[in-house]
Amino acid sequence: MELLIRCGYLITMKDRRYFKDYAVIVEGDEIADILPYEEARSKYARYEVLDASDCIVMPGLINLHTHAAMSLLRGYADDLPLHEWLTKWIWPLEAKMRAEDIYYGALLAAVESVLGGTTVLNTMYHYTDPDYNEASAISKVGIRCVIGHVCFSWRKDEDLKALDDLVKRWHGAVNGLVRISIDPHAPYTVDPEYLKTLRQLTDEYNSKYGDKGKITMHIHLAETRDEAERVEREFKVNVEKGLAVYLDQIGVLRDDVVAAHCVWMTDEDIEVMARRRASVAHNPVSNLKLASGIAPVSKMLMKGVNVGLGTDSACSNNTLDMFETMKLASLLQKGMNLEPTLVPAFKAIEMATINGAKALKWEDEIGTIEIGKKADLIAVTFRRPHMTPIYDPFSHIVYAARSLDVKHVVVNGRIVVRDHELLTVDVDEVIRKASKVRDELLSRLKEA
Ligand SMILES: [Zn+2]
């Protein structure tokens, strides 16, 4: 495809500049040129025009931590503490989920995400079927994903088999839209020996399949205050200095680790995350809803830790709205530290774009709008009362814009959303089907 995207404003996230009345030229799946619109109009006269003259064009948003299939459980259990929520509500219902439920839950998540400007989902869930799974659902919608299969101590053999199938079938699949990751659930559900095995497996898979893109590790870490104590009790290990320090001591923590939450971090934890160049996925909405706490994001950023943003699942949020996430990530740090200069708009957008790409080891292809990178970009309309007037497009994206303001979405050079309409799958059909499998899931739970 040869495309001329006419941008009212363009923010590339390569630096703090923004451009007015510019054009982004897309050839095939790549960004071929970036230049003033007036020049582009004659130079690329025969290219198809995607009109975003009433929009702020920016890189696609990267949701660095979610469980896509759990969109099927949106609103199923609210207002509970994490442990009770998981063990009494979520896990029993998930035990009844079939491959078809996982597929439609993930499809629903991908549809919601792309309509709200998210072009990459880093998702951790159960991989149980080669055809009906998160990878097949999300790539059908036309966005990128990093798919994991969540690992627990109590089902090692099953996990290792699933991982092998997942990496062989799906890593680098669908024109490179799909990548896979190795996902130990958390230090309190995965014993130290198994954590080491999964570390080793990540390295082995990278040497075998790394040419199709780096395979990362995705784990929940330091989400609640009692987590360290639970790890000590469960596995008789010493985590006095912190959970990231513990992961480092057993050789798991490296630059390919994406640690979700990191709310309860010691100073040593933050120091070791920076030293190992590991990444944090900050999930402000989920952390507040489950009353887990507020992560020390500005402190981690100050110490040089790479922090990206996630929504967590639609079950603890209850949307996958990355605009809400950017705004809250910024406001929380200001309010908590009584310091309005912390996490300014540009930094919040960086976290939702290039920092996410760095965490996924995908920054050579995505995360900014630059010549030679893959064309993943979104156009956010400013023809709205709440977006008028404009002094600074960065400010508007974080503090004023809403996910429903996303007008066009391009992924890998392909127009996936045009004029707020999804071109790849039938949204009404996805809604209808998701409601139907939800009803069947609930009736299976009642039968048991
Ligand atoms: Zn999670």
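Residues numbered from 1 in each chain as written. Predicted model: local features only at pLDDT ≥ 70, side-chain atom pairs only at ≥ 80, totals over all residues. Heavy atoms only, no water.

Geometrically, a metal with four donors at the corners of a regular tetrahedron has ideal angles of 109.5 degrees, and one with six donors at the corners of a regular octahedron has ideal angles of 90 or 180 degrees. Protein ligation of the zinc ion involves His65 (NE2), His67 (NE2), His220 (NE2) and Asp312 (OD), the donor distances falling in the range 2.1 to 2.5 Å. In this structure, the zinc ion is surrounded by 4 donor atoms whose angles at the metal cover 85 to 176 degrees, and the resulting shape is irregular. In primary sequence terms, the donor set of the zinc ion follows H-x1-H-x152-H-x91-D. Summarising the burial analysis for this pair, His65 and His67 share the class buried. (Donors = N, O, S within 2.8 Å, 3.2 Å for Na, K, Ca; no water. Tetrahedral: all angles 85-135°; square planar, octahedral: opposite > 155°, others 65-115°. Buried < 20%, exposed > 50% of the residue type's maximum accessible area, 1.4 Å probe, protein only.)

Once that is clear, we can look at the environment of His171. Tracing the backbone through its elements, the reader meets His171 in the loop between helix H5 (156–170) and helix H6 (173–176). Sequence-wise, His171 and Ser181 are 10 residues apart; in three dimensions their C-alpha atoms are separated by 8.8 Å. Beyond its immediate chain neighbours, meaning those up to four positions away, His171 contacts Leu166, Val178, Arg179, Ile180, Tyr209, Lys212, Gly213, Lys214 and Ile215. In this structure the side chain of His171 is engaged in a polar contact, spanning 2.7 Å, whose partner is the backbone oxygen of Gly213. (Helix = DSSP H or I, 4+ residues; strand = E, 2+ residues; numbered from the N terminus. Contact = heavy atoms within 4.5 Å. Polar contact = N/O pair within 3.5 Å; in protein donor to acceptor, adjacent residues only side chain to side chain.)

A few words now on the layout of surface pockets. The volume enclosed by the largest pocket comes to roughly 240 Å³. Around the largest pocket sit Trp91, Glu94, Ala95, Met97, Ile102, Tyr125, His126, Thr128, Phe152, Trp154 and Arg155, which together line it. Of the residues in the lining of the largest pocket, the class split is 7 nonpolar, 2 polar and 2 charged. (1 Å grid on protein atoms, 1.4 Å probe; cavity = no way out; pocket = protein on both sides within 12 Å on 5 of 7 lines; lining within 4 Å. Points joined across faces, edges and corners; volume = space filled by probe spheres on them. Nonpolar A, V, L, I, M, F, W, Y, C, P; charged D, E, K, R; others polar.)

Here Arg414 is to be found in strand E15 (residues 414–418). Arg414 sits in the partly exposed class, given a relative accessible area of 43%. When the C-alpha atoms of Arg414 and Glu30 are compared, they prove to be 9.8 Å apart, with 384 residues separating the residues in sequence. Non-local contacts of Arg414, meaning those with residues more than four positions away in its chain, are made with Gly142, Val409 and Thr424.

Quick look at the packing of aromatic side chains now. Two descriptors summarise a pair of aromatic rings, namely the distance from one centre to the other and the angle between the planes of the rings. Under the definition given, this model contains 12 aromatic pairs. One aromatic cluster in this structure is built from Tyr9, Tyr18, Phe346, Phe382 and Phe394. When the ring centre of Tyr37 is taken as origin, the NZ or CZ atom of Arg6, which lies over that ring, is 4.1 Å away. (Phe/Tyr/Trp six-rings, centres within 6.5 Å; stacked < 30°, edge-to-face > 60°. Lys NZ or Arg CZ within 6 Å of the ring centre and 35° of its normal.)

Segmentation of the protein into domains returns domain 1 (2–59 + 377–411) and domain 2 (61–359). Relative placement of domain 1 and domain 2: their C-alpha centres are 30 Å apart. Tallying the contact residues gives 20 residues for domain 1 and 25 residues for domain 2. A combined buried area of about 1,800 Å² lies between domain 1 and domain 2, and 75% of that area is made up of carbon and sulfur atoms. Joining domain 1 to domain 2, the criterion identifies 0 salt bridges. Mapped onto the side of domain 1 that touches domain 2, the elements with two or more residues apiece are strand E4 (48–59), strand E13 (377–381), helix H16 (393–400) and strand E14 (406–411). (Domains from an automatic or database assignment. Buried area = accessible area lost by both parts, 1.4 Å probe. Salt bridge = Lys/Arg side-chain N within 4 Å of Asp/Glu carboxyl O.)

Here Thr118 lies in strand E6 (residues 118–125). With relative accessibility at 0%, the residue Thr118 sits in the buried group. Setting aside residues no more than four positions away along its own chain, Thr118 makes contact with Leu61, Asn63, Ser113, Ile143, Leu320 and Met322.

Next up on the list: empty space enclosed by the protein. Across all of its chains, the model carries 2 cavities of 30 Å³ or more by this definition. The volume enclosed by the largest cavity comes to roughly 250 Å³. Elements supplying a minimum of two residues to the lining of the largest cavity: helix H2 (82–94) and E6. Residue contributions to the lining of the largest cavity peak at 6 residues, all from H2. Here the residues of the lining of the largest cavity are counted per class, giving 12 nonpolar, 8 polar and 3 charged. Considering only enclosed or pocket space, the second largest cavity measures out at about 40 Å³ in volume.

Our focus in this paragraph is the pairing of E14. The element E14 is largely enclosed, with a buried count of 6 among its 6 residues. As paired elements, E13 and E14 share 4 bridges and run antiparallel to each other. When the bridges of E14 are listed, Ala379 appears paired with His408. Here E14 runs beside E15; their pairing, made up of 3 bridges, is antiparallel. Opposite Val410, over in E15, you have Ile415 as the bridge partner. Connecting E14 to the next strand, E15, in antiparallel fashion are 2 residues, including Asn412 with a positive phi near 55 degrees. (Pairing = 2+ DSSP bridges.)

Before going further, it helps to examine H5. Taking 1.5 Å per residue, 15 residues should reach 21 Å; H5 reaches 21 Å between its end C-alpha atoms and fits that length. Turning to H5, its buried residues are Asp159, Ala162, Leu163, Leu166, Val167 and Trp170. Around the axis of H5, the buried residues are gathered within 125 degrees of arc, so they sit on the same side. Across from the buried face of H5, at angles greater than 90 degrees, the exposed residues are Asp157 and Lys161. For H5, the secondary structure elements touched by its buried residues are helix H4 (134–141), strand E7 (144–151), H6, strand E8 (178–184) and helix H7 (192–209). (Expected span 1.5 Å × (residues − 1). Arc of directions from axis to C-beta.)

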